[in-house]
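Results of the structural survey
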Amino acid sequence: MASLETASPALDTLRRVFGYDSFRGEQEAIIDHVAGGGDALVLMPTGGGKSLCYQIPALVRPGVGIVVSPLIALMQDQVDALNTLGVRAGFLNSTQDFEERRLTEAMFQAGELDLLYLAPERLRVPATLELLDRGRISLFAIDEAHCVAQWGHDFRPDYLGLSQLHERWPDVPRIALTATATEATHAEIANRLNLGEARHFVASFDRPNIQYRIVSKADPKRQLLDLLRNEHTGDAGIVYCLSRASVEKTAEFLVANGIPAVPYHAGLDARTRAENQSRFLREDGLIVVATIAFGMGIDKPDVRFVAHLDLPKSVEGYYQETGRAGRDGLPSTAWLAYGLQDVVQQRKMIETSEGDDAHRRRQSTHLDAMLALCETVTCRRVQLLNYFGQRGEPCGNCDTCLTPPESWDGTVAAQKLLSTIFRLQKERRQKFGAGQVIDILLGRKTAKVIQHDHDTLTVFGIGEELSEAGWRGVVRQLLAQGLLAVEGDYGTLVLTDASASVLRKERTVLMRREQEKAATSKAAKPKKAAVDLPAEAVPVFEKLRAWRGAAAKEQGVPAYVIFHDATLREIATALPKTLADLGRINGVGENKLAKYGQQVLDALEG
Ligand code: ADP
Ligand code: ZN
């Protein structure tokens with residue numbers, strides 16, 4: 001905490017309140033922009049450090065920062081965490097009684113809060129808007145902003161009302177944040193929230209500390225158990241299943257095998273759900289087996305693994321769910337078991353789902369992209385980044401990098417498919433979906449082919465060496481590699497900038513060989529995502545953890561609200577002797593130093 005005199009108010013706040021030395025990535029630019037009154041749209045992966053991007057401007061600007069968040073169940077913890085830092089925060093939501101609400105409202109009006117958390121549905125109530133009129137607002141932060149996008153996977157109608165914020169308070173800066181955004185979602189957020197004038201900050205979506213692995217599904221519960229026993233003994237983690245029944249069965253299976261686990265799904269009553277979530281946040285080493293109803297906004301930093309026993313419905317969802325692992329930056333695992341049955345089941349779910357055709361097409365496109373990720377022969381991380389419109393290098397920390405799969409040369413097939421699309425686009429100024437393109441390749445004279453005169457194209461019938469399913473595989477894999485893209489509600493196929501290099505025969509295209517039989521974990525085991533601490537520091541770390549556990553229990557807050565594992569690790573290795581030394585550790589701000597400093601030093605002595 002040196003040279004505070006020369007630091008900007010934002011940097012000073014980072015050091016004094018949060019106890020961190022320096023900003024990460026684009027945090028500083030974002031904070032400066034918003035603190036200066038500008039609007040911002042921030043795309044940053046989970047764990048990237050989004051919270052500070054609105055918390056610090058709210059502290060630096062006069063007035064109260066309003067944070068719109070759909071995560072009612074977590075507001076209490078978020079507010080507790082801020083209070084522990086000495087930040088004056090409150091929330092208004094349906095879980096409060098009248099008295100609590102009135103108290104918070106009075107504090108807001110009196111300007112006695114730095115941050116006020118609100119659920120989006122609150123802003124539909126005129127009384128809330130009138131309340132906000134009576135106080136001074138420093139900024140609006142719209143968290144989980146992808147909830148406004150219908151294209152995305154997590155649409156919430158209440159978010160549509162947020163466009164009115166700008167009309168009602170034109171001078172208050174707004175910052176929208178999300179950890180999940182393809183280019184389509186990104187554009188839709190900007191559009192629907194009226195953020196056309198906002199500056200866009202798009203961080204790298206890479207999460208280098210997460211090891212991505214996708215295995216073929218044989219006996220999923222057994223495979224999961226192997227993973228936990230071999231690599232994650234005693235670790236906290238999340239296991240996702242598609243159905244409530246499999247959540248229950250899997251949790252029971254783990255418990256029967258001596259692994260502490262609790263279920264979480266929408267069929268449980270609210271009390272049990274809240275209790276299981278709270279236990280997950282507060283206890284060390286508990287596993288939650290859940291449907292996707294669990295986890296948004298869970299900011300537990302030391303989730304060491306996220307396992308999927310069923311195929312997620314979209315890459316966006318998958319990335320957000322796996323992103324809950326390793327927010328503290330320490331090595332973590334994202335593991336998915338996927339089989340043919342998943343595909344069949346999901347296709348059927350889409351076909352029979354409610355909603356219009358456009359909705360079904362969107363779901364189908366999401367699923368195809370997810371399948372493509374499963375099938376890739378190249379680095380999973382590069383694929384994921386491509387999906388979010390970003391580039392990367394083979395990472396050396398995913399299963400395809402560690403144990404490369406068998407592949408075949410699909411260059412000629414790719415050329416045939418891409419030139420068919422090219423001809424449609426250039427010669428006929430037409431765009432079609434995969435079905436029509438494949439019919440052309442296979443030389444099928446369907447009614448639609450004849451209607452559009454497609455049997456006269458030079459490419460008609462040039463692809464008879466592959467089956468329809470084979471061609472669908474080619475389509476999916478080209479989509480995955482960014483050599484092809486889908487567009488719009490009709491899922492039409494279009495060329496990308498990268499397609500040209502294939503058409504010009506400048507590159508080869510590798511495809512993953514379809515595996516007929518389910519493989520049991522035959523692949524060489526990637527090395528354990530170990531969290532290393534020097535041997536002599538381990539007992540000290542455990543001592544600190546024990547102290548933290550007791551302190552957390554006494555105060556009724558999650559352990560990480562007191563200090564993160566990463567901070568305890570640093571203390572255990574640096575062994576500070578004085579409060580001043582302790583204050584220099586990352587994550588020890590002024591308030592925590594005053595509150596816990598002596599206790600930590602005592603724990604180190606004892
Ligand atoms: P997100 O909301 O983007 O998922 P968070 O805001 O929860 O991420 O931040 C992730 C973790 O990184 C938190 O533990 C946070 O305290 C820590 N963090 C954020 N910014 C910094 C920084 N500048 N220096 C050190 N740690 C940081
Ligand atoms: Zn890789």
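Here is what the cut-offs are and how they apply
- Residues numbered from 1 in each chain as written.
- Chains lettered and ligands numbered in written order.
- Predicted model: local features only at pLDDT ≥ 70, side-chain atom pairs only at ≥ 80, totals over all residues.
- Heavy atoms only, no water.
- Helix = DSSP H or I, 4+ residues; strand = E, 2+ residues; numbered from the N terminus.
- Polar contact = N/O pair within 3.5 Å; in protein donor to acceptor, adjacent residues only side chain to side chain.
- Buried < 20%, exposed > 50% of the residue type's maximum accessible area, 1.4 Å probe, protein only.
- Contact = heavy atoms within 4.5 Å.
- Pairing = 2+ DSSP bridges.
- Axes fitted to C-alpha atoms, helices over the stretch in contact; angles between N-to-C directions.
- Core = buried A, V, L, I, M, F, W, Y, C linked by side-chain atoms within 4.5 Å.
- Domains from an automatic or database assignment.
- Buried area = accessible area lost by both parts, 1.4 Å probe.
- Salt bridge = Lys/Arg side-chain N within 4 Å of Asp/Glu carboxyl O.
- Nonpolar A, V, L, I, M, F, W, Y, C, P; charged D, E, K, R; others polar.
- 1 Å grid on protein atoms, 1.4 Å probe; cavity = no way out; pocket = protein on both sides within 12 Å on 5 of 7 lines; lining within 4 Å.
- Points joined across faces, edges and corners; volume = space filled by probe spheres on them.
- Donors = N, O, S within 2.8 Å, 3.2 Å for Na, K, Ca; no water.
- Tetrahedral: all angles 85-135°; square planar, octahedral: opposite > 155°, others 65-115°.
- Near = heavy atom within 4 Å.
- Phe/Tyr/Trp six-rings, centres within 6.5 Å; stacked < 30°, edge-to-face > 60°.

**Observations regarding the side chain of Ser 314**
Its place among the elements puts Ser 314 in the loop between β12 (305-308) and α12 (315-322). At 2.9 Å, the side chain of Ser 314 and the backbone nitrogen of Gly 317 are in polar contact.

**What to know about helix α4 (residues 72-84)**
When we look at burial in α4, the residues that qualify are Leu 74, Met 75, Asp 77, Gln 78, Val 79, Asp 80, Leu 82 and Thr 84. At its buried positions, α4 is contacted by α3 (50-60), β3 (89-92), β4 (115-118), α11 (270-282), α23 (559-562) and α26 (590-605).

**Thoughts on the sheet that holds strand β5 (residues 137-142)**
Ordered by their spatial adjacency, seven strands build an open sheet running β3-β4-β2-β5-β6-β1-β7, and the pairing between neighbours is parallel. Only two strands of the sheet have a single neighbouring strand rather than two, namely β3 and β7 (199-202). Shown here is a sheet whose adjacent strand axes are inclined to one another by a mean of 20 degrees, direction ignored. The pairing of strand β1 (residues 40-43) with β7 spans four bridges and is parallel. Bridge pairing links Ala 40 to Arg 199 in β7. Against the sheet, helix α2 (residues 27-35) makes contact with β1, β5, β6 (174-178) and β7, and its axis sits at roughly 160 degrees relative to β7, the strand it touches most. The strands touched by α4 within the sheet are β3 and β4, with β3 carrying the most contacts at an inclination of about 165 degrees.

**Here we look at the nonpolar core**
Ranked by internal contacts, the top residues of the largest apolar core, which has 101 residues, are Phe 108, Leu 132, Leu 193, Phe 280, Phe 294, Tyr 318 and Leu 544. Here the element with the most residues in this core is helix α22 (residues 537-555); it accounts for seven residues.

**Topic: the domain arrangement of the protein**
Domains assigned within the protein are domain 1 (9-202), domain 2 (210-402), domain 3 (407-512) and domain 4 (535-605). If you look at the interface, domain 1 gives 14 residues, while domain 4 gives 14 residues. Of the roughly 1,000 Å² buried between domain 1 and domain 4 on both sides combined, carbon and sulfur atoms contribute 52%. For the pair domain 1 and domain 4, the interface holds one salt bridge. We note a salt bridge from Glu 590 to Arg 16, for which the minimum N-O separation is 4.0 Å. Counting across the interface, domain 1 meets domain 4 through three residue pairs in polar contact (both at pLDDT 80 or more). Sorting the residues of the side of domain 1 that touches domain 4 by element identifies α1 (9-18) and α4 as the ones contributing at least two each. The leading source of residues in the side of domain 1 that touches domain 4 is α4, at five residues. Looking at side-chain class alone, the side of domain 1 that touches domain 4 contains five nonpolar, four polar and five charged residues.

**Some details on the side chain of Ser 163**
Structurally, the position occupied by Ser 163 is in the loop between β5 and α7 (164-168). Classification of Ser 163 by relative accessible area gives buried; the value is 19%. Engagement of the side chain of Ser 163 in a polar contact is seen with the backbone oxygen of Leu 160, the distance being 3.4 Å. Ignoring any residue separated from it by four or fewer positions in sequence, one finds Ser 163 in contact with Arg 192 and Asn 194.

**Comments concerning empty space enclosed by the protein**
One pass over the structure, following the stated rule, counts three cavities of 30 Å³ or more. Of the pockets and cavities examined, the largest cavity occupies roughly 70 Å³. Along the walls of the largest cavity sit 13 residues, with Lys 300, Asp 302, Arg 548, Ala 559 and Tyr 560 positioned nearest its centre. Every element with two or more residues in the lining of the largest cavity is listed here: α11 and α23. Counting residues domain by domain, the lining of the largest cavity receives three or more from each of domain 2 (210-402) and domain 4 (535-605).

**Let's talk about the coordination of the zinc ion (ligand 2)**
Around the zinc ion (ligand 2), the protein supplies Cys 379 (SG), Cys 395 (SG), Cys 398 (SG) and Cys 401 (SG) as donor atoms, at distances of 2.3 to 2.4 Å. Considering all four donor atoms around the zinc ion (ligand 2), angles at the metal cover 101 to 119 degrees and the coordination shape is tetrahedral. The sequence pattern describing where the donors of the zinc ion (ligand 2) fall on their chain is C-x15-C-x2-C-x2-C.

**Thoughts on the site of ligand 1**
Around ligand 1 sit 15 residues in total, of which Tyr 20, Gly 47, Ser 51, Arg 327 and His 564 are the nearest. At a separation of 2.6 Å, an oxygen atom of ligand 1 approaches a polar side-chain atom of Tyr 20. At 2.7 Å from an oxygen atom of ligand 1 is found a side-chain nitrogen or oxygen belonging to Arg 327. The element best represented in the shell around ligand 1 is α3, accounting for three residues.

**Considerations on the packing of aromatic side chains**
To describe a pair of aromatic rings, one takes the distance between the centres and the angle between the planes. Under the defined criterion, the tally for this structure stands at ten aromatic pairs. Taking the centre distance of 5.6 Å and the plane angle of 75 degrees together, the rings of Phe 280 and Phe 294 count as edge-to-face. Highlighted residues: Phe 280 in helix α11 and Phe 294 in the loop between β11 (287-290) and β12, separated in sequence by 14 residues. Taken individually, Phe 280 and Phe 294 each receive the classification buried, so the pair is uniform in this respect. An angle of 45 degrees between the planes, with centres 5.2 Å apart, marks the rings of Tyr 319 and Phe 388 as tilted. Here the residue Tyr 319 occupies a position in helix α12, and Phe 388 occupies one in the loop between α15 (380-387) and α16 (399-402), the gap between them amounting to 69 residues.

**Quick look at the pattern of salt bridges**
Taken as a whole and judged by the stated rule, the model has 27 salt bridges. In this structure, Arg 88 engages Asp 114 in a salt bridge whose closest nitrogen and oxygen atoms are separated by 3.0 Å. Within this pair, whereas Arg 88 is found in the loop between α4 and β3, its partner Asp 114 is found in the loop between α5 (98-109) and β4, the two being separated by 26 residues in sequence. Owing to a relative accessible area of 39%, Arg 88 belongs among the partly exposed residues under this scheme. By relative accessible area, Asp 114 is classed as buried at 12%. For Arg 168, the salt bridge goes to Asp 133, with nearest N and O atoms at 2.7 Å. One end of the pair, Arg 168, is in helix α7; the other, Asp 133, is in helix α6 (residues 126-134), and 35 residues separate them in sequence. Salt bridges here are not isolated pairs; linked through shared partners, they connect Asp 284, Glu 542, Arg 545, Arg 548 and Asp 565.

**Some details on α15**
Among the eight residues of α15, six are classified as buried, and the element is accordingly described as predominantly covered. Considered for burial, the residues of α15 that qualify are Arg 380, Arg 381, Val 382, Gln 383, Leu 384 and Leu 385. Positioned one or two residues after α15, Gly 389 has a phi angle of 75 degrees, which is positive.

**Describing the environment of Gln 277**
By the element assignment, Gln 277 lies in helix α11. Look at Gln 277 and you get buried, because its relative accessible area is 9%. In this structure Gln 277 touches Ala 73, Leu 74, Tyr 264, Phe 294 and Ile 298, once residues within four positions along its chain are discounted.

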